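Residue strings, one per chain:
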Amino acid sequence: MRIGIFPGMIEGMTPSEIHYIAFRKPPLGKRGYDEDDVDDLLERLERFFRDPAGASMTADDVRKAQFRKPPIGKRGYDTGDVDDFLDQVVNEWPQVKTDQSFPGSHRSAS
């Protein structure tokens, strides 16, 4: 079972909970982010939060992450859900000020 996202949930989130994050599908006829690309980043986040000394990752890595469009015929993950979650991760990252956010338009990679 995967859990949905909501504002303020990152603070105190466990690595296991990151594993179970769920994103909606985009509206019919729209393509979101490639699920494998997003899942790869979530796995990196989970490893980092399990062992920060053993898994190198920064808020900038999250901020600069880019995702491909899913294959034709697949919808992928809703871009707004993914961007909102990753904005929260960056904003709640201890070394990053809360006013440092990224626009979702920088996420799509062709």
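The structure we're discussing is the one just above.
Now for a look at the structure at hand. (Residues numbered from 1 in each chain as written. Predicted model: local features only at pLDDT ≥ 70, side-chain atom pairs only at ≥ 80, totals over all residues. Heavy atoms only, no water.)

**Let's talk about helix α4 (residues 79-92)**
1) Next: The end-to-end C-alpha distance of α4 is 20 Å, a good match for the 20 Å that 14 residues give at a rise of 1.5 Å each.
2) Next: Considered for burial, the residues of α4 that qualify are D81, V82, D83, F85, L86, D87, Q88, V89 and V90.
3) Next: Turning to α4, the residues buried within the fold contact α2 (35-50), α3 (59-63) and β1 (67-68). (Helix = DSSP H or I, 4+ residues; strand = E, 2+ residues; numbered from the N terminus. Expected span 1.5 Å × (residues − 1). Buried < 20%, exposed > 50% of the residue type's maximum accessible area, 1.4 Å probe, protein only. Contact = heavy atoms within 4.5 Å.)

**With respect to the packing of aromatic side chains**
1) Next: One pass over the structure, following the stated rule, counts 3 aromatic pairs.
2) Next: Seen from their ring centres, F23 and F85 are 5.9 Å apart, and the 70° between their planes marks the pair as edge-to-face. Separated by 62 residues along the polypeptide, F23 in the loop between α1 (15-19) and α2 and F85 in helix α4 bring together distant segments of the chain.
3) Next: The class for F23 is buried, based on a relative accessible area of 10%. (Phe/Tyr/Trp six-rings, centres within 6.5 Å; stacked < 30°, edge-to-face > 60°.)

**A short note on the side chain of D37**
1) Next: With respect to the helices and strands, D37 occurs in helix α2.
2) Next: Those residues within four positions of D37 in sequence are excluded, and the remaining contacts are F67 and R68.

**Remarks on the environment of R50**
1) Next: Within the secondary structure layout, R50 lies in helix α2.
2) Next: Apart from residues lying up to four places away in sequence, R50 is in contact with P15 and S16.

**Section: the packing of α2 against α4**
1) Next: α4 packs onto α2 with a crossing angle of 20° between their chain directions and a minimal axis gap of 13 Å. Classed by the angle they form, the pair α2 and α4 counts as roughly parallel. In the packing of α2 onto α4, the handedness of the crossing is left-handed. Here V38, L41, L42 and L45 of α2 come into contact with α4, specifically with V82, F85, L86 and V89.
2) Next: Of the residues that constitute the contact of α2 with α4, the class distribution is 8 nonpolar, no polar and no charged. (Axes fitted to C-alpha atoms, helices over the stretch in contact; angles between N-to-C directions. Parallel < 35°, antiparallel > 145°, perpendicular 65-115°, else oblique. Left-handed = near helix turned anticlockwise from the far one by under 90°. Nonpolar A, V, L, I, M, F, W, Y, C, P; charged D, E, K, R; others polar.)

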